Amino acid sequence: MIFVSFLWHMHQPYYKDDIEGKYLASWIRLHASKDYLDMLKIAQNNNAKVTFNLTPVLINQILSYKDLDCENLSSLLLKPVSELSDKQKLFVLENSFKISSHIIQSMPKYKQLYHKKQNVNSNVLNIFTDDEILTCEIAYLLAWFGTLQKDATIKKIQENLSTSGEAEKLYLLNRQLQILQATVPEYKKAVKAGDICLTTTPFYHPILPLLIDSDISKVSNPNIKLPEKFSFQEDAKWHIQKSKQYMERIFEATIEGMWPSEGSVSDEALCLISEAGFKFAATDEQILKNSGFGDIYKPYLYENNNLSLHMFFRDHVLSDKIGFVYSRLNYKDAVSDFLSSIKSIEKQFDKSIVNIILDGENAWEYYDNNGYDFLNNLYDSLQKDENIELTTPKDYLELQASGELKLGKIWPGSWIGANFNIWIGDDEDNKAWNLLGKARTELAKSKASMQELYKAQGSDWNWWYGSDHSSSDDYLFDSLFRSLLIKAYLLAKKTPPQELYLPIKKSISALESKLPISFINPKIDGLVSSYFEWSGAGEFVELESSMSISDKIIKKIFYGFNDTDIFLRVDFSNAKKDILIKNDICIEVFDNIKTSIFLSNNGSYIKKLDRNGRTINQEVFTDYSMNKILELKVSKDFLGVHEKEKVYINVYIKQQDTILERFPSNKDILVEIPSKNFEFENWIV
């Protein structure tokens, strides 16, 4: 007998601009119509007892979302396209393709318009008619409906996408609002009926150990460069206690479990969680292993300072397979692989519990049918196996199916790398922490200001600062963070520091570029074997940088193509064969997903990551050579890019965990994949 526990984490950051009074992003509405109710109903339809971890900041926003005018994008979608200004049309059009290419490809008309937009070289409004913009709006709304939320009218609109108009668009918008407003009541019913287990997270999703003492990050990374010390244990305590109080009031139920934000834990954080009345918590398996223990399939009783807390540990491999691997398989093969893995664990760890913990929102757009077939088949197959029992952490503890192990000290870290590097240590991260710390010290006496500072302590802002992650919304998150601090000062009737009105994200530097003119087929040997092998390539040289030209390691980048591959060449300021002996080189290529190529004398690899930075696929990488220059090639098929699509590229020189240089220093190289007639088209010109 083996027990399997699913914990689906549902979270969105605080998107409301409290100065303007509107939501600046649409993800609350969109994930509500696509994911939240579908995830609940699929579990209920299969009598699958699973755990949903709902964050208070998400629930608070769902409940305060009263109408479609309260959000920037939906308020524009309510209007006929013909009544929008050019600026508004551009905003709508830019937002109409923020979904995985997998979904776009599934709707032929949507796919056609997507490629048309990708190929625009001039003002997009000169290319798109109002009717085409309307079709983009409708297709985008359709893409964000869960399988079980598509009624007969929605299915008919999808079948007749090209002829659907403003009335159909309004139906989709209002249906999304109805689904959003039904979300909390449906979860509340499920909790009362005992269909699901409900857990939660600190209120605004902060990294608790960093609030308590930012210096804790030195344990996992002794060489980390830190901001001024941030240490406000009382704030961490507020997030934990407020979370329990708020969620129990909304759902009229006792909540005993917590998934700390990003699985981030420390001894001090666990003690605060226990002190607040939580009975169990969970984090990643690597935390347990770094704490000196190996059996991840048993609960542990954490005891410290006369406090205790039951701890569960996430099966990293199986959780990540659902998040990033199974979407590329036939759903039956994926379920078969999962069951096989569970059976293998059962043979070694009888009556143990396998904890599957992952994001419950973002994976499904990469699956066929929004993950419905996979989840339905998965739950059904697990329920039918007499040697597997679906359970929850709470129910498992009550069963006392297996004795607990003891744990007296825990490794401080998160579920990502068992450290805190994502949220602290980069120059942008540290600047954000310093601004937050300054505001926290100066505004502590204002209760109204403190509410804004609690929001600013959320983990999501620093997720996008620094070089770890990047998206088209980087500057939106930057603006949201700074606006929270600005409002905190204004509420205390103090003048906000001028630097809060300046982006923390680095300004864009100038690039001098030359477009490619022909296909190339260079020999990958790290040498300029012939002038002609790169003569048809494109080039990039950075004109402005935070470093002077003489200090830069990278001098110039060349890029080019043939029918099947993309080629990249990096020239260095001084021809150094030993760069990879002392340093590592990382090349990132991204469109909807990111591909990272890591080059090192200790082993090189290429891996795909989803938009949250989580690994989908990883392979050994050998198609490169480092001599006087760096040359490499990567197949278009591996990248998943097609002709006329645009991708972004950047290059890092790293020494251990320290980034010595980025090229370009604070933007990305935009590259368009040429068509098969590329050379002929250039010759005609």
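Basis of the calculations
Residues numbered from 1 in each chain as written. Predicted model: local features only at pLDDT ≥ 70, side-chain atom pairs only at ≥ 80, totals over all residues. Heavy atoms only, no water. Axes fitted to C-alpha atoms, helices over the stretch in contact; angles between N-to-C directions. Helix = DSSP H or I, 4+ residues; strand = E, 2+ residues; numbered from the N terminus. Parallel < 35°, antiparallel > 145°, perpendicular 65-115°, else oblique. Left-handed = near helix turned anticlockwise from the far one by under 90°. Contact = heavy atoms within 4.5 Å. Nonpolar A, V, L, I, M, F, W, Y, C, P; charged D, E, K, R; others polar. Buried < 20%, exposed > 50% of the residue type's maximum accessible area, 1.4 Å probe, protein only. Salt bridge = Lys/Arg side-chain N within 4 Å of Asp/Glu carboxyl O. Polar contact = N/O pair within 3.5 Å; in protein donor to acceptor, adjacent residues only side chain to side chain.

*Asks:* Sorry if this is basic, but what is going on with the packing of helix H1 (residues 27-45) against helix H16 (residues 372-384) here?
*Replies:* Packing of H1 against H16 leaves a shortest axis separation of 9 Å and a crossing angle of 30°. As judged from the angle between their axes, H1 and H16 are roughly parallel. Once H1 is placed against H16, the crossing between them reads as right-handed. In this structure, H1 uses Met 39, Ile 42 and Ala 43 to contact H16, whose residues at the interface are Tyr 372, Leu 375, Asn 376 and Tyr 379. Of the residues in the contact of H1 with H16, the class split is 6 nonpolar, 1 polar and no charged.

*Asks:* When you look at the environment of Thr 163 in this model, what are you seeing that I'm missing?
*Replies:* Here Thr 163 shows up in the loop between helix H8 (152-159) and helix H9 (166-193). Given the relative accessible area of 66%, Thr 163 is considered exposed. Between the alpha carbons of Thr 163 and Gln 245 there is a distance of 49 Å; along the sequence they are 82 residues apart.

*Asks:* Mind showing me how you'd approach unusual backbone geometry here?
*Replies:* Even without being glycine, Asn 47 reaches a positive phi, approximately 50°. By the secondary structure assignment, Asn 47 is in the loop between H1 and strand E4 (51-54). Among the residues examined, Asn 47 registers a relative accessible area of 66% and is labelled exposed. With a phi close to 60°, Lys 493 is a non-glycine residue in the positive phi region.

*Asks:* Which parts of the structure should I look at to understand the pattern of salt bridges?
*Replies:* Applying the stated criterion across every chain yields a total of 38 salt bridges. Residues Asp 395 and Lys 49 are paired through a salt bridge, measuring 3.0 Å at the closest nitrogen-oxygen approach. In this pair, Asp 395 is assigned in helix H17 (residues 393-399) and Lys 49 in the loop between H1 and E4, connecting sequence segments 346 residues apart. Under the relative-accessibility criterion, Asp 395 is labelled partly exposed at 24%. A salt bridge links Lys 406 to Glu 303; its shortest N-O distance comes to 3.9 Å.

*Asks:* Even after reading the chapter, I still don't get the side chain of Ser 274, so can you show me in this structure?
*Replies:* By secondary structure assignment, the location of Ser 274 is in helix H12 (residues 267-275). For Ser 274, a relative accessible area of 12% puts it in the buried group. For Ser 274, the side chain forms a polar contact with the main-chain oxygen of Ser 308, separated by 2.8 Å. When sequence neighbours within four positions are dropped, the list of residues in contact with Ser 274 reads Leu 307, Ser 308 and Leu 309.

In short, the description is geometric, and any link to function would need to be established separately.
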